[in-house]
Structure formats: C-alpha cells, structure tokens
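Next come the chains, spelled out residue by residue.
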Amino acid sequence: MFYIFCPYCDERREEEEFHPSGQAHLVRPTDPESVSDEAWGDYLFFRDNPRGIHHEMWVHRLGCRKFFNITRDTTTYEILETYPMGEQPTITAETARVRREQGVQTADGGWQTVGAQPENSTLNEETSS
Amino acid sequence: MSEAHFEANGGNVAVFDTHPSEVIAAESPLHWSRERGLVDDVAGHDGDVKVVERPFLGHLILRGGAITLDEAVRAELGISLPGKPLGLNVDADGSRSVQWLSPDEWLVIVPGGEEFELENRLREHLGDAHFAIVNVSGGQTLVELSGDKARELLMKSVTYDVHSHGLPVGKAVGTVFAKTSVVLRRPNETGFELVIRRSFADYCVRWLLDAGREYGLRVESPSSR
Amino acid sequence: MTQPNRLNQGGRLDRSRRLSFTFNGQQYTGFAGDTLASALLANGVDIVNRSFKYSRPRGITAAGPEEPNAIMQLGASEAAQVPNVRATQQALYDGLVARSTNGWPSVQRDVMSWVGRLGGHLMPPGFYYKTFMAPASMWMTYEKWIRKGAGLGRSPAEADPDIYDHLNQHCDVLVIGAGPAGLTAALSAARAGARVILCDEQEEMGGSLLDSRESIDDAPAAAWAEQTVAELAGMDNVTLLPRTTANGYHDHNFVTLHERRTEHLADTAAAAGRDGEVRSRLHRVRAERVVLASGSHERPLVYANNDVPGNMVAGAISVYLRRYGVAPGQKLVLSTNNDHAYRAALDWKEAGREVVAVVDSRANPDGDLVKQVRDSGIRVVTGSAVMEASGSQRVTGARVVAIDTERFVVTGKVETLACDTIASSGGYSPVVHLASHTGKRPQWRDDLLGFVPGEVKSMHFAGGVQGVYALGETLADGGRAGAEAARAAGFAQAEAITLPSVEARHESPASALYQVPHEKTTLRAPKQFVDLQNDVTAAAVELATREGFESIEHVKRYTALGFGTDQGKLGNINGMAIAARCLHRAIPDVGTTVFRPNYTPVSFGAIVGRHCGELFDPERYTALHQWHVENGAEFEDVGQWKRPWYYPRKTGGKTESLHDAVARECLAVREKVGILDASTLGKIDIQGPDAREFLGRVYTNKWAKLAPGRVRYGLMCKDDGMLMDDGTTSCLGDNHFLMTTTTGGAATVLEWLELWHQTEWPELQVYFNSVTDHWATMTVTGPEARKLMSEVTDIDLDREQFKFMDWKQGNVAGVPARVFRISFTGELAFEINVQANYALHVWKTLFAHGEKYELTPYGTETMHVLRAEKGLIIAGQDTDGSVTPEDLGMHWAVGYDKPFSWIGKRALTRPDTARTDRKQLVGLKPKDPKVVLEEGAQIVLDPAEAIPMTMMGHVTSSYYSPVLKSGFALAVLKGGRDRMGETVYLPMADGTTHEAEVVSTVFVDPKGERQNV
Ligand SMILES: [Zn+2]
C-alpha cells in the first residue's frame, strides 16, 4: 500500500484514493496523419518496463481528480518524487546512477521529494520531505 | 420557471431553477433509508455519537482560476475562496461555506433555494471569464457527525487521518469512505461533516449505523422540508 | 483435578480464579493468567499433537509465537471453531475447548503412526517438490490422504456469530514489541510529544522483563515494566495495544496489527457477556516511523530425537517457571552454547526441582551466570552437548557426549543422564520477519551467530532484533531508537529517556553450534529435527544438498522447511547452518529467506472486517428505488447499481415469469406506452468556450454545427480505434453541453475527458463535472407517449415544434425539467430529467395520468430486447475493446474529414484495423424461432468440420422477441456484412447445433419511422 504525495492536495494520501495511468511523459504525436503505421503502433502499444527508476502517471481519482507524475523505483517501490503534469522529473535513471556512483542516497529520510522543478538544482543536494 | 442564458466569450450557457414554483414534496437522498426505518426524525437526543442530515441544501461546484473566482465569491457570498489546498471557509453562522476540491474546483454550500440566485449573481459578476458553475444540489447531501465517538466512528470508515493533526478545523478532503468516497469536512470543533453522493447514501447510512452500533449511533433527518 | 506441575507460589497468576477447560475431551483446570500452554503443562499434559508427516508425538516446546507443535483447534460450538491457534498465545478462559489440530483419531494412539515407523516412505524429503513435478492427478491422491491424516485445522461449518472490524490509525511512531527496548523507545518518543502506538502480541506488556531474574532500579524487572506501562497508559498521545500482533509490514510504513479483543475471554463475544463487541480488529496503521523491537527467538539445538515431549527451548523453561508458576518436569538437563541459557538451570533449581547437569559446548565458559550455576552446586559438563534424547512419549534421558564442532564429530564416550526434561539453547535469532516483508534481506552477523534486519527506510531497530541482548544495553538501545524515530517524525527535541540502573553482567561469548554431531552419520542417526512443524530433519536438508539444491530458497522448497504458518521461526537458521555445513560454505553464502506476511495467522474475519454481508459492496440506488421495491420489481446488478430488471405481476398467488413479464413489457412499449428509470446513465456537464472543440476531438462524429436545443448520438473510441463508450450529448448552449454515458462508463468517461484535457490539451477552455446523481432520468416511450406527456407538461409537444433529437425545457408535473426526444427503443420517446429530489413526485404523477394509457414500467431486460430489435448496441456487451465503429457498421457516425485528428482516427487506417475480414456486427435469426441462442456461443460455417473448428465469431446479445415471435440475436462475424442471407452454425456444448441466418441488425421498423411520429 503506497502512501502517495499528491502535488495538488499537497499531502500524502493512501494508495486506494489513486489509480495508476501507465507510463508518464507519453506525448501524442501532434500530426497523427503524418506518422507511420509503425510509429503509431509504438505510440499505442509499446511501453517501458525498467528495473529501477520509472516515471509513471497517476490520477488522484477519489481526491482532487488531477493527473500527476511519480518517479518510482520499481525494485524497492520507493516513490522518489511526485510532480505535476507539465513538469519534468528531477530524478531519472541517469541521475540515480550518478548518485549511486558518488555514494549519495536519494531522498533519504522520507519517501518522496516534493515540488520537483523543471531545472534541477545540484545533483547532490539532498531533498527530503 | 425561472431560467437564464448567459453570454460569455461569445457563446452561452443555459441554466434554470430546478425548484418548482409550487409546493411539491421532495425526498432527500436519505429518503429510502428512512422508509426502511434506518433514519429517525431529529430528536435532539445525545448519544456518544450522532449523525444528522442537513437535507435540501444548495450545492454548487465552481470551476475556474482561484483569483478570478475569489473576487466574485467574496462579493456575492461574503466568504473568501480558501487560499490553500483542502481549505474550508465557513461564514459566521455556519450556514454557508466554500471548500477547495482541487486547484480549479470549489464546492459552495448554501441554504436550500439560494443556489440558483447565487449562481446567477456569480455568472453576472464573472462575465467573460473562463469558469463553470454546476448545480449538484440533487446529487449529494450533507450529514453532520458529532459526539465523543465521532472520531473513532470515522476511523472505522475512512483511511484519512481524522485526528486534529490531520484534519484541523477549516480543512476538508475528498477521500475513501468504506468502499465509496465522500467529502470529509471539519467545519468546527464540535464535529465533522460528510458530503455523500445520493446513490451511495443508503450504503453510507448502513455503514455508519453498523460501525456506530457500539456507541448507540442514530441517524436523524428532519421529518419534512 | 490437581495441577501436578504447578508450583505452590510464583507466577503472574490470579490463583483465586480457577478456570476449567477441556483438551481433546478431557477436563482440566488452570488459573487466570495462564496461557492454554502453561495450563496444559501445569496439568502434566506431555503430548499435545502428532507431527505432520511422521505422526510422532509432540509436546510443548516454546512459550511464544514460535511454538511449532501446540497448534490447536478451538471452539466449544461449531460456529466458534478457530483453527491454527498456538496454545502458547491463547489466554486461558473458563470453558475453553481445545483439540489437537493433527492427530486424528487420538494424539496418544494414532493409526497414522505406522507411517512414521516406516520412516516416512509415503512422504520422503522432496515430497512436495516431487509431487508438484509429477502429474497433477498424483497430487490429488496425496492431498486427500494428507489432509485426512495430518489435519491442517478446519474452518467452521456454521456462520461465525462474532463480528470483526478495521480501524485506520495514523501515528508518528509505531513501536512493535513492548519488551525492554520497546518500552524505552515508546517512552522516549511519547515524552517528546509524538503520537505513539505501542503494540505487543502478549496478554501483558513487558516481554522478557516479565520472566527476568534481573533488577531494574533495585526492583524486579517486571515491576519496572508495570510502572512504565502505567506511565504510558496515562499519556494522551499514546495508544497501547496489548494482545496485538504486528503481522504485516507493507510499503511506505503501512503496518497491519491484529488485535484480539474478546478471544482471551470466551469462545464468542456473546459468551463473554460482550455481545455485539468486536472479536478481533485489524488496525491499519500508517506510521511516520516504525520502531521494531520484536526481540529474538531462542534457537533449539538439533540433536537426535529432539522432538520427543520433554525437549524444550531453554528460555521457555524460565517463562513457564517464573511467569506461570509451572515446572514442566522434575529432572532437567540443559544443553547450551551460550551463557544466557544458564538462567533456566537457576530458575529450575530455585523451583525445587533437580538440575542433573548443564552441558555446554564451550571449553571454558566463565560468565557470571556460569559462575552462579557452578556456585549453586550444579554439575557443568563442558565441551559437550546432548547428542540424543531417550524416550518416546516423554524424555527419559539425555545422551551426552564431548564434541568437536569444527570437525563435526563426537570425540568421547557417550554418557547417559537420566532426566525427564532437556532444555536446549543454540543462541538467539532476532525476529527480523517484519523487516523483510517488503523484500529487504536480513544480514548475517558472525559475532551474533544470527541474521539482523537489512536497512529498511523509516524503520528503526531496537534491542534483541538487532542482536542487543544484555538488559542494560537493550534499555539504552530502545531509548535511542525511540528518540531517533521521534526526531525523524518531526519532534526535534526528542531525547532518549534517562535510563534506570541495571547491574552489568559479564558474559562469555557463545560458540557456533546448530546441529550436534552424532556418533552415527546424520542419515543413519535417529531423526534430528530442524523444523518441527513441517517435520523437516537434518537428514532431509542434507539429502537436499546432495540432490543439488544449493540455495536455501531451493532447499526450503524441496524440504518444506519454514513453510506455512511456521515461517521458519525456530528452524530456519539451523536448516541453513546444516545446508552450509554440507556444502562447505559459510551460512550467509547459502542465502537467506525473506519472510512474508503474515507473521502469525490472522483470522479471515479480521481481514474482511465489516466488508461482508450486506456491506460487502455498495449498492447504489436511484431516487425512484422505493417505487420499484413497492411495485415488486426484480433487480439486476449493473455495476454497483440496483436497476429494476423486470416487474413481475402477481395474480392469484402466481408470479409472472421473467419471460412473460418481458413479453408483456415489450408489447406495452411497442403498442401503448412504457416508462423506464434511466437515472443510472452517466451524465457529464460540460462548460467552456472550447467545449464544442473538445467534443469533436473525443467523439468520432461531428459537433461543430450542433445547435442549442439539439441532441446528437456520439461514439467514443480509444486511440487504438476501438469503441469505448457511446451516448447522446445535448447542446444546452453554445458553451454548454450535457453528455450522457453508459451506466457502467460514467466514471471512466469522465476520467477519460479529464485525462485528455489535463495531459494533452490543457489549453482548451472547458470544464467537466459529473451530474449523474443530480438528475433523475425517466424515459416515457411508446405510441401513446405524447398523449401522456401532454397531460403533465407545459412543453409544446407538437411533432414539428419538438422534433426527434430535440430537447426542451419546461415543467413536468410541476417540476422544472429538461425533456429530450431521444429513443433507445425505436418508439416515440421522451426522456425527462428533473432534480433528483423531485423525481418520485414526477414519476408518481406520470402514473396517475398514465393509467388510461396502460402506462407500464419496464426494466433493463425489456430495454435490452427493445434496443436489440432496433440493432442498437450496448457498449461493453456488443463490443469488447476490439470493435471499431466500422466493425459496427456505424461509419455514418465517423467524421473522417474533421480538421482535428480525433482520438481513434489514425488507428482506423492501420492495416489490422482496416482489414475487410474483421468481425462485423450482424443480426442472426435462428432457423427455429423457438431457439434463443446463447450469448457467447461461437459461430462456425461448417458444422461437420473436425474439432478444433474454425471459429468465425460469436453471439453478443440474444433474446426472444414478442413482436417477431422468434428468438433473434446480434453477433460479431468475420466479414459478416458480406454474408447477409448465409446460414451459419452454432455448435453447443451438449452436442446439438443451431442454425441461423445472417440478417440485418435492425429487426423492427427498419426505416426508423416509429420514433419520428
Ligand atoms: Zn489530489
């Protein structure tokens, strides 16, 4: 049972208020008619299934009804950050690897960092809730 | 019947007063539960916990930007829009309230019959702005929970933290209630409020009665409008 | 009945309250404060069960949840039966009735025992593994035998009279375990102001302090525990939960606690005089921080015949003596590899019983406790261990021998010591279970000879669970952990409490000893049990390694080590040590097992809580529900909604059948007028200047020119081109629309609209809100509908003024309403929307006026027949997520030339979606009009084809039509539209085959004239 920080309600809520909506940051091609059948098939059907850092879209179905994104480690189920639609994650598979190599833990002391921004500040800065 | 068509952004919206001009019997969402003897008339009795319906209130959903709506709501209702997520602002006598539902959605509850006029005034005030107002008065009802065991009753029913740390006065949340969802509000020190959907009302009543059996819970509703 | 093993004094008992109970039909007495186990021991009951596989007699071994043998079936009545109760965890109450779980027909003399004498030939090691590898039919054969013989406990055959519930809890610090570490942790966190929950599985909080020989602040440790619990109980921010087991640790600090509220009092709450109270409760705790202070379980040593009644773990001896005033024997031999176990010998001697010898595997133990034992005159044999127990129904002696643990051999002559009790201690296993529930592997510590928890985010460890055993250190460790947890939860000032004074004690280090070497090889020696509950022996583990199972995870599956409710509490580490020895590896190199919830069994009642019976799932009612009930409707579940299915008439004590009622209702609509409660349809209010543009993007058809006052039917696809939902949408104003969805699609469609708005097109100015519950909807339909409506409304119903697919506003029965001229029946129809609070009045008024038109209420079954006769689909019945609008023959509702590439459009030209041989919606008319085809029946073209036949499609909707006087169906059929007039075949499971003709989907009024009158 996850405890998920809703970036709109600005607090953590029980998983049963939410619903997962699949991979985050999928973008519908703006001109579908000019996209090849194969590319359209990829957009429709093919999804990442990484071991480790993954970005997922969830909806606060029984709360504020808003969609938002989650950066989650699929091996530990740790939610590293949640951020509103339209923003980019501050933690990605790349940054997580760098952090690991440098011996820096991600988001220690809590489960989720909040208020992720499009431009990340410094990589080693500890952000915790 | 009073109706109104509002011009906004070159288009229009059609709304009308859903209340009949003549006196016609109305049934609140707790009607069927009452028919089966699950709901009593308001008796003013005090057990460890009591649930009382406030039926037939005016419920409006406001959609739009906070800044736009705030001015209109303050002007027309005399209550400011809650500035923070999960805020609940109640007027001095507790009969009118505005509640944050999401970053662009608020719930306004006013005495029954005021909602259409309020909607008209808000629409006039808001003019060309992009907003929406939706009357949902028939679709939900408000029940009040009070008494020493109200908090424990809620702990059996909702996963949300109902301790005053989690739900202080002036806070309201949409959350899971048993196997459905409700809006849970803390308007004052004395109790809690639930806004429940019409079609789930009987389930909610039965759940509350079951959970509150050990406290001698009664569910009450005014016998007529 | 006397209690032969009860000491005259001592124990935390209320000796003024004698309690009588029965075990396997025999009556006994105990005292208030006993567990079932301590009472059985007090009464000298040696054998409490038969073992699972070998059917060997077994006695009580431990004193806590790790007990592997004393697993009971409780219950004085059939309804109160509870399986899988550990006698060590069950408080004694007056009238308790317990039976052995295993041991049919009797624990003393058992027809199964020949299985054991044959050496388990029926169930050799690898039994489960091999059985599952064998054909499934073999398992069926074995399984009956095992269940009958072994008896895994049984569920009651009658309804449980008790109730169970859930309580959702939130706290800053949850402390699991109220022993010395848990108490100081809770106190440190609570004094800082944190919201604290302290739970403990035992009847009384205090853990090891309750049977400790040590002093705290110069008073007995138990007194300090009482005083600390009392302080905690007096604090507003502390919730104490005794008799509450933390059974599952889940993601993000979600912990399930199982609290037993009346189980310690009587069979049922009613029998305890607490009728209506909750028998047990599941606390669903979301904790900011968890302090795990679950302590440790003492490991028994593995030696030959170590399962004979009278073999116990050393610490349990002290618990029974000190806490329950029970000496479970007369003459004790203690076999140990550590100092701490020596206290059992001291406690035994102080109880006036004889300690024959302490046998220590270490060469030169010199700790304070060892000295104390030596000073008291007890014989200490060093460098040795108990190699084998003698006796069958009860220990009669201990065969002691010098051993070389390095080379795993015996090095001296065997000495046999006469005794009736052998206590053994192989060291302590931290109770790491909860720390590994989320997948974190425990870590081996050579210095502790045990596994400690791996790092778990937001969990703190205190005391025995991380190998801190000495009392003073444990108290300090708890204080530290509690303060750390409180600080992490936001109480920056939190500090560990000032510690009480405890006398330090010198302990000599333990030596590693798991399996005691025997003079014979492991495979030839008498059975040396590793896992008593699952009857796994050292030989079985050795055999597993010989058969090539090298990881403990595999050994476990091969042998059943640590299976089931045991979860390896006593046996896991011994099993791993044996595997490691056989494989010539270090223990951590054979791996470790992670544990799964639940730590101990939880009753299904507690898991279910109040979500049972009529509260199992919400029932949604429309505003007209009362009328339906009062008018005898039969109901159909549509999602969570209760919808009238049909309204059977009752005449002369006879109730109309479904078939007859539906035929009557159908004809009423086709010939007169009927009325349907359509309130369950999803309704979404859409406002905003871009509402129209948005509709154009989510519907397949065009919305640009729909004028206010008009209604249009729309199809909604997913982006793969498959139909998702359908419904009508009305233009209320240029910026204002009312969308309807299917009953089941209401929430899905609203979220779908939000998804696209929030994630792809946030620039569009539009808002969506559900008004499903706000409006009650009633459909008045049939040739007489206009006449009826004209009596109750001020709306101009003239067919030219109020056309098909128009909507109007006005009063119906005096109530403001929107009325829509849309039809799902093919007949003239008016769909009325009024605010739900007034629905009953409007509905009743229609009936008051409708009598002369024979107004007939109809339900969902008739609705289905009527719409199917018209070829109108139901999304989700005639479609299944693999059907495009083209497949449905609804290209008229697809706007290929709309400027925006609407959702689903692009996919419709993908090669697979554009195939011409896709399954297409057709009508089927059975050749035999009496036949109503089965929904889901497969369609073939050649009934003589050998199985597997070429399946061409299937029936999606099928009914009997009273108008056609024939069965008829809708179906999807490959290339169906080119097969009009062809005969297809539907082979049924009973061997018969139906014939049907492929026809148009519209069976009634193909030109659609009736709805336009
Ligand atoms: Zn939210």
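## Notes on the overall build of chain A
Okay, step 1: In terms of regular secondary structure, chain A is built from two helices and six strands.
Okay, step 2: Going from N to C terminus, chain A has its helices and strands arranged as β-β-β-α-β-β-β-α.
Okay, step 3: Each of the 129 residues in chain A was classed as buried or not, and the buried ones make up 47%.
Okay, step 4: Within chain A, counting contacts between residues at least 6 apart in sequence, those at least 24 apart form 53% of the total.
Okay, step 5: Entry remark: accessible area of chain A is about 6300 Å², with carbon and sulfur atoms responsible for 49%.

## Some remarks on the coordination of the zinc ion
Residues and elements named next belong to chain A.
Okay, step 1: At the metal site, the zinc ion is ligated by Cys 6 (SG), Cys 9 (SG), His 60 (ND1) and Cys 64 (SG), and these contacts range over 2.0 to 2.4 Å.
Okay, step 2: Considering all four donor atoms around the zinc ion, angles at the metal cover 105 to 117° and the coordination shape is tetrahedral.
Okay, step 3: Mapping the donors of the zinc ion onto the primary sequence gives the spacing C-x2-C-x50-H-x3-C. Taken individually, His 60 and Cys 64 each receive the classification buried, so the pair is uniform in this respect.

## Some details on the interface of chain C and chain B
Okay, step 1: Each partner contributes residues to the interface: chain C has 62 residues there, and chain B has 66 residues.
Okay, step 2: Three residues stand out in chain C for area buried against chain B, namely C:Tyr767, C:Asn837 and C:Tyr838, and they jointly supply 14% of the buried area on that side.
Okay, step 3: Where chain C packs against chain B, one counts six salt bridges.
Okay, step 4: Between B:Glu214 and C:Arg281 there is a salt bridge, with the nearest N and O atoms lying 3.7 Å from each other.
Okay, step 5: One can count 32 residue pairs in polar contact (both at pLDDT 80 or more) joining chain C with chain B.

## Here's the deal with the packing of aromatic side chains
Residues and elements named next belong to chain C.
Okay, step 1: Under the defined criterion, the tally for this structure stands at 29 aromatic pairs over all chains.
Okay, step 2: For the ring pair Trp 752 and Trp 756, a centre distance of 5.6 Å and an interplane angle of 75° mean the geometry is edge-to-face. Taken together, the residues Trp 752 and Trp 756, both in helix H18 (residues 746-759) and four residues apart, mark about one turn of the helix.
Okay, step 3: Its relative accessible area of 12% is what places Trp 752 among the buried residues.

## Focus on unusual backbone geometry
Residue and element names in this part refer to chain C.
Okay, step 1: In this structure, the amide linkage connecting Pro 597 to the following residue, Asn 598, adopts the cis form with an omega of 5°.
Okay, step 2: Within the secondary structure, Asn 598 sits in the loop between helix H13 (572-583) and helix H14 (604-608).
Okay, step 3: A cis amide bond links Ile 947 with the next residue in sequence, Pro 948, at an omega value of 0°.
Okay, step 4: Mapped onto the elements, Pro 948 comes out in the loop between strand E48 (938-939) and strand E49 (953-961).
Okay, step 5: Here Phe 408, not a glycine, exhibits a phi torsion of approximately 55°, which is positive.
Okay, step 6: For Ala 813, which is not glycine, the phi dihedral falls at a positive 55°.
Okay, step 7: The topology assignment puts Ala 813 in the loop between strand E43 (807-812) and strand E44 (815-820).
Okay, step 8: On the basis of relative accessibility, which here comes to 12%, the residue Ala 813 falls in the buried class.

## Focus on the packing of helix H5 (residues 180-191) of chain C against helix H6 (residues 221-233) of chain C
The geometry of a pair of packed helices is captured by two quantities: the angle between their axes and the separation between those axes.
Residues and elements named next belong to chain C.
Okay, step 1: Axis separation between H5 and H6 bottoms out at 10 Å; the angle between their running directions is 30°. Relative to H6, H5 is oriented roughly parallel. In the crossing of H5 with H6, the sense of the turn from one axis to the other is left-handed. Contacts from Leu 183, Thr 184, Ala 186, Leu 187, Ala 190 and Arg 191 of H5 reach H6 at Trp 224, Ala 225, Thr 228, Val 229, Glu 231 and Leu 232.
Okay, step 2: When its residues are assigned to classes, the contact of H5 with H6 shows eight nonpolar, two polar and two charged.

## Overview of the sheet that holds strand E2 (residues 26-32) of chain C
Residues and elements named next belong to chain C.
Okay, step 1: In space, the five strands of this open sheet follow the order E2-E1-E7-E5-E6, with mixed pairing throughout. Since the sheet does not close on itself, it has two edges, and those belong to E2 and strand E6 (82-86), each with one partner. Each adjacent strand pair in this sheet contributes to an overall mean axis angle of 40°, direction not counted.

## Digging into a nonpolar patch on the surface
Okay, step 1: On the surface, C:Phe604, C:Ile607 and C:Val608 cluster together into a nonpolar patch covering about 310 Å² of accessible area.
Okay, step 2: Mapped onto the elements of the fold, C:Val608 is located in helix H14.

## Thoughts on the nonpolar core
Okay, step 1: B:Leu62, B:Leu145, B:Phe177, B:Leu184 and B:Leu194 are the most contacted members of the largest nonpolar core, which has 66 residues in total.
Okay, step 2: Among residues more than four places away in sequence, those in contact with B:Leu184 are B:Leu154, B:Val158, B:Val162, B:Leu167, B:Lys171, B:Ala172, B:Val173, B:Thr175, B:Phe192, B:Glu193 and B:Leu194.
Okay, step 3: Within the second largest apolar cluster, 56 residues are counted, among which are C:Phe21, C:Ala37, C:Leu96 and C:Ala314.

## So, the environment of C:Ala586
All names here are of chain C.
Okay, step 1: On the secondary structure map, Ala 586 appears in the loop between H13 and H14.
Okay, step 2: Of the residues examined, Ala 586 reaches a relative accessible area of 39% and is grouped as partly exposed.
Okay, step 3: A sequence separation of 140 residues divides Ala 586 from Asp 446, and the C-alpha atoms of the two residues are 9.8 Å apart.

## A word on the interface of chain B and chain A
Okay, step 1: Between chain B and chain A, the contact holds 17 residues from the first and 13 residues from the second.
Okay, step 2: The interface formed by chain B and chain A contains three salt bridges.
Okay, step 3: Across the pair B:Glu105 and A:Arg65 runs a salt bridge whose closest N-O atoms are separated by 3.2 Å.
Okay, step 4: Among the elements of the structure, strand E7 (97-102) and strand E11 (171-177) of chain B are those that each provide at least two residues to the side of chain B that touches chain A.
Okay, step 5: At five residues, E11(B) tops the list of elements feeding residues into the side of chain B that touches chain A.
Okay, step 6: Looking at the side of chain B that touches chain A residue by residue, the classes come out as eight nonpolar, five polar and four charged.

## Describing the pattern of salt bridges
Okay, step 1: Within the structure shown, the criterion is met by 95 salt bridges over all chains.
Okay, step 2: The partner of B:Glu105 in a salt bridge is B:Arg63, with the nearest N and O atoms 3.8 Å apart. A residue pair is termed long-range when its members are at least 10 positions apart, and B:Glu105 in strand E8 (residues 105-110) and B:Arg63 in strand E5 (residues 58-64) qualify at 42 residues.
Okay, step 3: Residue class for B:Glu105 comes out buried when judged on its relative accessible area of 6%.
Okay, step 4: Using a relative accessible area of 2% as the deciding quantity, one classes B:Arg63 as buried.
Okay, step 5: The partner of B:Arg197 in a salt bridge is C:Asp773, and the shortest N-O contact between them spans 3.3 Å. Separated into two different chains, B:Arg197 in strand E13 (residues 191-197) and C:Asp773 in the loop between strand E41 (767-770) and strand E42 (775-781) make up a pair that spans both.
Okay, step 6: Among the ionic contacts, a cluster of salt bridges with common partners joins A:Arg65, A:Lys66, B:Arg63, B:Asp104, B:Glu105 and C:Glu754.

## Some words on the environment of C:Lys852
All names here are of chain C.
Okay, step 1: With respect to the secondary-structure elements, Lys 852 resides in the loop between helix H20 (839-850) and strand E46 (856-857).
Okay, step 2: The exposure class of Lys 852 is exposed, given its relative accessible area of 56%.
Okay, step 3: C-alpha of Lys 852 to C-alpha of Gly 478: the two residues are 374 residues apart in sequence and 83 Å apart in space.
Okay, step 4: A polar side-chain atom of Lys 852 sits 3.3 Å from the main-chain carbonyl oxygen of His 849.

## Considering the sheet that holds strand E50 (residues 966-974) of chain C
Okay, step 1: The strand order E48-E49-E50-E47-E52-E51 (chain C) describes an open sheet built from six strands, whose pairing is antiparallel. The open sheet has two edge strands, E48 and strand E51 (983-987) of chain C, and neither has a second partner.

## Examining the pairing of strand E18 (residues 331-336) of chain C
All names here are of chain C.
Okay, step 1: Among the six residues in E18, five count as buried, and that is most of the element.
Okay, step 2: Note: E18 against strand E19 (residues 354-360), six bridges, orientation parallel. Directly across from Val 333, in E19, lies its bridge partner Ala 357.
Okay, step 3: Read from E18 through helix H8 (residues 342-350) to E19, the crossover connection turns out right-handed.
Okay, step 4: Bridge count for E18 against strand E25 (residues 421-425) is five bridges, and the pairing is parallel. Residue pairing in the sheet places Leu 332 in a bridge with Thr 421 of E25.

Conventions and cut-offs
- Residues numbered from 1 in each chain as written.
- Chains lettered and ligands numbered in written order.
- Predicted model: local features only at pLDDT ≥ 70, side-chain atom pairs only at ≥ 80, totals over all residues.
- Heavy atoms only, no water.
- Helix = DSSP H or I, 4+ residues; strand = E, 2+ residues; numbered from the N terminus.
- Buried < 20%, exposed > 50% of the residue type's maximum accessible area, 1.4 Å probe, protein only.
- Contact = heavy atoms within 4.5 Å.
- Areas by Shrake-Rupley, 256 points an atom, 1.4 Å probe, with all protein chains shown as cover.
- Donors = N, O, S within 2.8 Å, 3.2 Å for Na, K, Ca; no water.
- Tetrahedral: all angles 85-135°; square planar, octahedral: opposite > 155°, others 65-115°.
- Buried area = accessible area lost by both parts, 1.4 Å probe.
- Salt bridge = Lys/Arg side-chain N within 4 Å of Asp/Glu carboxyl O.
- Polar contact = N/O pair within 3.5 Å; in protein donor to acceptor, adjacent residues only side chain to side chain.
- Phe/Tyr/Trp six-rings, centres within 6.5 Å; stacked < 30°, edge-to-face > 60°.
- Axes fitted to C-alpha atoms, helices over the stretch in contact; angles between N-to-C directions.
- Parallel < 35°, antiparallel > 145°, perpendicular 65-115°, else oblique.
- Left-handed = near helix turned anticlockwise from the far one by under 90°.
- Nonpolar A, V, L, I, M, F, W, Y, C, P; charged D, E, K, R; others polar.
- Pairing = 2+ DSSP bridges.
- Patch = residues over 30% accessible without salt bridge, like charges linked within 9 Å, V, L, I, M, F, W, Y side chains within 5 Å.
- Core = buried A, V, L, I, M, F, W, Y, C linked by side-chain atoms within 4.5 Å.
- Right-handed = clockwise from strand over helix to strand, strands pointing away.

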